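Single-letter residue listing:
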Amino acid sequence: MSGFDGDDLTQPLEGAREAAAAEGPTSPEVGRDEWVARHDEHRAGRSGLLGIVEERLSRIPWWAWLTLFVAVFALMPVGVTDGYWRRVAFDTVLFMMLALGLNVVVGWGGLLDLGYIMFYGFGAYTYAILRSPEFGFHWPTLLVMAIALVGGALLGILVGLPSKRLSGDYLAIVTLFAYQIFISILIGGDNIFGSNVTGGVNGILKVDPLSFFGHVVPVSKEGGVFNVAYLYIALAFSTVLFIALRFIDRSRTGRAWRSMREDSLAAQLMGMPVPWLKLMAFSFGAAIAAFTGTLFVALNGSVFPGNFDLTLLITIYAMMILGGLGSQAGAVIGAILISVLLELLRDPSNSRYIFYLALVLGLVVVLRLSVRLAVVAGGVIALGIVVRLVVDQVDASWTGGAPDGTGWLGDLIARWVVEPSAVTLWLKSVTYISLIALALLLTTLRGWTRLIVLVPTIYLAAFVWENILAVEPAVTRYILLGGLLVVVMIVRPNGIVGEKRVEII
Amino acid sequence: MAEKLLELRGVSMAFGGLQCIDGLDLHVDEGEIVSAIGPNGAGKTTLFNLITGVYEPTAGDIVFAGSSIKGLAPHKITQRGIARTFQTLRLFLNMSVRENVMSAAYSHTKSGPLRSMLRTPGMRREEQEIRELAEKRLAFFGERLMGYRWDQPAYSLSYANRRRLEIARATATNPRLLLLDEPAAGMNPKETQEITDLIAKLRTDAGYTILVIEHDMHVVEGISDRVIALDHGLKIAEGSFEEVATSPQVIEAYLGTGGMARK
């Protein structure tokens with residue numbers, strides 16, 4: 001070592017000492033950290049009842065929340081004896097597992113995987129092929145589940161191979177292609193070199209229910225009611241999955257995944273094998289989806305290519321994003337909210353509440369609680385009453401219809417919205433297109449003209465909803481869900497439990 | 001003369017037609033602190049990217065601890081014992097301060113996902129070791145990155161603390177050679193003095209060999225055993241700080257010939 005004199009280093013720069021001294025004796029010394037020293041003062045600022053509640057809640061460990069959640073979920077069938085809603089709970093648990101698996105790939109790994117549903121389908125078909133009279137195999141359930149798990153993981157590695165080189169948009173397109181190929185194989189699978197493998201569009205029927213060590217778990221009880229045992233089995237598996245994922249998140253691998261999501265180059269330069277980590281994340285998500293697929297088909301007893309459409313993929317993405325990307329609790333909460341909401345929206349009397357609530361919330365978010373909000377609300381109500389009176393005088397058949405469903409809101413709406421006894425296709429098209437035109441016009445307007453146009457737009461929206469959309473819940477529920485997602489994203493941009501995320505400063 | 005830890009032999013790097021590094025010979029001895037200086041665009045950061053495997057040199061060879069590391073993947077090079085910081089900070093912003101440092105222990109730890117899910121005793125022991133390592137690395141910076149800051153997200157840190165955290169993260173890979181890319185950029189005089197002391201301490205206390213890119217000549221003067229000046233991808237001067245600072249080529253590179261003539 002040459003030219004190195006350690007003593008010189010202890011001398012501060014010219015002026016540094018003076019600058020420090022000038023700040024006075026109360027300021028921290030060089031090397032001391034002001035923020036750390038005063039940290040308790042800053043914390044004390046968050047007082048009050050809400051502060052105490054927040055403080056207490058944050059001290060509850062994660063496993064206590066999990067226990068509470070599982071207990072509430074497990075006790076649900078005591079209060080809910082309706083087989084239909086018990087079945088919804090089972091589907092919700094499957095959604096939870098799918099969202100948790102997708103969270104590994106997208107939330108932690110940061111890999112945009114649009115082929116995720118393919119692995120779900122792979123697991124379902126694996127179970128259906130190995131446990132149905134179609135081919136005469138009736139292998140043990142646990143063995144088939146293990147095969148689906150491992151097979152899904154391997155398929156995940158295969159599909160993930162391009163991710164070694166690709167990222168972002170490119171990866172999304174490649175995985176979407178892989179998914180399309182998978183669906184084509186399922187549809188054309190009744191004639192692969194002359195032999196039937198997947199049953200083609202007719203799918204595979206009469207799939208065996210779950211059976212453990214010789215004990216068959218029947219799908220339904222007397223009268224075709226959903227067997228609640230399936231709910232408990234799914235809940236048990238999902239709890240194990242949640243804990244396993246929680247453990248892996250707080251491990252070397254979980255940290256490496258999240259590092260890769262934050263900055264893959266920096267992660268690699270800090271010694272993490274990014275290509276391998278990407279494959280591993282893909283494989284994990286795939287294995288979880290494949291495993292969930294076996295539960296799905298065991299209860300349904302049949303499987304078709306149509307079970308794995310893109311709507312399902314988008315729904316699972318929506319669950320994960322709504323709850324908060326990268327958060328396990330978020331995936332669970334998002335799955336419950338969207339799954340239950342989609343069921344509620346099947347019934348017009350329920351979806352009406354959600355539609356008008358979203359409308360009011362949207363107005364409050366845009367206009368705030370102001371005079372303008374009062375003007376618009378008053379204007380819309382007055383306009384409705386006047387229009388209905390006038391239309392009634394001109395032709396009574398134009399107000400002879402009744403709203404679908406029941407409820408106090410429905411009764412109230414019936415006195416306000418024009419409900420023709422027969423809605424012609426012509427009327428449908430004109431009102432729907434003018435609603436879209438008005439909405440587009442709104443985006444270009446500012447100030448009072450916007451408020452004036454807003455009034456008829458809202459009334460027209462109510463008209464279109466009552467006469468066209470509410471009649472077709474199968475389509476409408478996704479439109480409504482989309483609207484609700486937009487509202488939630490404005491209020492909480494990082495999802496319901498998602499933490500604030502920062503990309504660049 | 002100490003043993004050569006890192007040696008670049010005739011390394012060249014061209015992007016298309018642009019020759020960024022041209023036949024560069026450079027070596028860093030075990031236990032040495034070497035500074036690379038030069039005007040913006042001289043190829044200093046490219047030099048770091050070549051050493052750490054972000055780019056593969058178009059010609060020449062890079063030898064680290066006796067074996068060639070040319071063409072190895074970046075994470076393999078880090079495993080061999082080279083760690084770096086970034087001029088444009090590249091922290092894992094949405095992870096906690098402690099996790100940032102813990103994540104860098106990946107290459108010298110073993111627990112796979114299966115053992116993590118089962119939380120085997122071995123995995124828990126290793127996790128505890130990683131945690132202690134991270135806390136030790138953070139403690140190196142005194143109170144700056146201590147206490148409640150451990151659990152705060154990295155984005156909540158000030159600029160200077162982010163630079164410190166980057167150094168802590170790099171040291172958690174257990175390197176032999178530490179590459180610091182402008183460690184004092186954006187720091188006030190007080191903090192600059194602190195970082196100067198710290199770089200010296202990194203060598204004396206932790207035993208790292210250090211190659212540093214720095215624009216602040218106070219820092220360069222304070223720490224360097226040897227200074228290398230680059231311009232347009234060529235080495236224009238090498239030697240002690242005084243030798244390099246008074247070299248006509250270096251003055252020309254920084255101020256230009258015209259600037260001298262007009263005076």
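Residues numbered from 1 in each chain as written. Chains lettered and ligands numbered in written order. Predicted model: local features only at pLDDT ≥ 70, side-chain atom pairs only at ≥ 80, totals over all residues.

## A look at the overall build of chain A
Then step 1. When its secondary structure is counted, chain A shows 22 helices and two strands.
Then step 2. Scored against the burial criterion, the 505 residues of chain A give a buried share of 36%.
Then step 3. Look at the contacts in chain A between residues 6 or more apart in sequence, and 73% of them connect residues 24 or more apart. (Helix = DSSP H or I, 4+ residues; strand = E, 2+ residues; numbered from the N terminus. Buried ≥ 20, exposed ≤ 12 C-beta atoms within 10 Å, placed from the backbone. Contact = placed C-beta atoms within 7 Å.)

## Overview of the sheet that holds strand β5 (residues 67-68) of chain B
Residues and elements named next belong to chain B.
Then step 1. Taken in spatial order, the four strands make up an open sheet running β2-β1-β4-β5, and their pairing is antiparallel. Each having just a single partner strand, β2 (18-29) and β5 make up the two edges of the open sheet.
Then step 2. Here strand β1 (residues 4-15) runs beside strand β4 (residues 59-64); their pairing, made up of five bridges, is antiparallel. Along β4, the bridge assignment pairs S12 with A59. (Pairing = 2+ DSSP bridges.)

## Some words on the domain arrangement of chain A
Then step 1. What the domain assignment reports for chain A is domain 1 (63-344) and domain 2 (350-471).
Then step 2. Placing the centre of domain 1 of chain A and that of domain 2 of chain A at their C-alpha centroids yields a distance of 41 Å. (Domains from an automatic or database assignment.)

## Description of the domain arrangement of chain B
All names here are of chain B.
Then step 1. With domains assigned, chain B is organised as domain 1 (1-81 + 175-263) and domain 2 (96-173).
Then step 2. Put simply, the middle of domain 1 and the middle of domain 2, counted by C-alpha atoms, are 27 Å apart.
Then step 3. When contributions to the side of domain 1 that touches domain 2 are tallied by element, the ones reaching two or more residues are α2 (74-80) and β7 (177-181).
Then step 4. Among the elements that take part in the side of domain 1 that touches domain 2, α2 stands out by supplying three residues, more than any other.
Then step 5. A per-class count over the side of domain 1 that touches domain 2 returns six nonpolar, four polar and one charged. (Nonpolar A, V, L, I, M, F, W, Y, C, P; charged D, E, K, R; others polar.)

## Describing the sheet that holds β7 of chain B
Residue and element names in this part refer to chain B.
Then step 1. Pairing is mixed across the open sheet formed by six strands, whose spatial order is β6-β7-β8-β3-β9-β10. What marks the edges here is a single partner per strand, and that holds for β6 (82-84) and β10 (234-239). Ignoring which end each strand starts from, the neighbouring axes of this sheet average 20° apart.
Then step 2. Note that strand β3 (residues 33-37) and strand β9 (residues 226-231) share four bridges and pair parallel. Residue S35 lies in a different strand from β9, and its bridge partner there is V227.
Then step 3. Set on the sheet, helix α1 (residues 44-51) makes contact with β3, β6, β7, β8 (209-213) and β9; between it and β7 the angle comes to about 150°.
Then step 4. Against the sheet, helix α7 (residues 189-204) makes contact with β3, β7 and β8, and its axis sits at roughly 155° relative to β8, the strand it touches most. (Axes fitted to C-alpha atoms, helices over the stretch in contact; angles between N-to-C directions.)

## Overview of the packing of helix α17 (residues 348-367) of chain A against helix α18 (residues 371-394) of chain A
Residues and elements named next belong to chain A.
Then step 1. In the contact formed by α17 and α18, the axes pass within 9 Å of each other and the chain directions differ by 145°. Every pair of crossing elements has a handedness; the one defined by α17 and α18 is right-handed. Here L363, V364 and L367 of α17 lie close against α18, whose contacting residues are R372, L373 and V376. (Left-handed = near helix turned anticlockwise from the far one by under 90°.)

## Some points on the pairing of β7 of chain B
Residue and element names in this part refer to chain B.
Then step 1. Within β7, five of the five residues are buried, leaving the element largely enclosed by the surrounding structure.
Then step 2. Burial along β7 is two-sided: the residues L177, L179 and D181 and L178 and L180 are all buried.
Then step 3. Summarising the sheet, β6 and β7 pair through three bridges and their orientation is parallel. In the strand pairing of β7, A83 is matched with L178.
Then step 4. For β7 and β8, the ladder comprises five bridges, and the chain directions are parallel. Opposite L179, over in β8, you have L211 as the bridge partner.
Then step 5. Tracing the backbone out of β7, into α7 and back to the parallel element β8 gives a crossover that is right-handed. (Right-handed = clockwise from strand over helix to strand, strands pointing away.)

## What to know about the pairing of β8 of chain B
Every regular strand shows the same layout, with side chains that alternate between the two sheet faces.
Then step 1. Extensive coverage of β8 of chain B is indicated by the burial of five of its five residues.
Then step 2. The two faces of β8 of chain B match: T209, L211 and I213 of chain B on one face and I210 and V212 of chain B on the other face are all buried.

## A word on the nonpolar core
Residue and element names in this part refer to chain A.
Then step 1. If you look at the biggest cluster of nonpolar residues, it comprises 174 residues, and the most contacted ones within it are A99, A281 and M319.
Then step 2. If you tally residues by element for this core, the top one is helix α14 (residues 274-300), at 18 residues.
Then step 3. If we skip the residues at most four places from it in the chain, M319 touches F95, A99, A331, G334, A335 and I338.
Then step 4. Among the nonpolar cores identified, the runner-up in size contains seven residues, and V376, V417, I458 and F463 belong to it. (Core = buried A, V, L, I, M, F, W, Y, C linked by C-beta atoms within 7 Å.)

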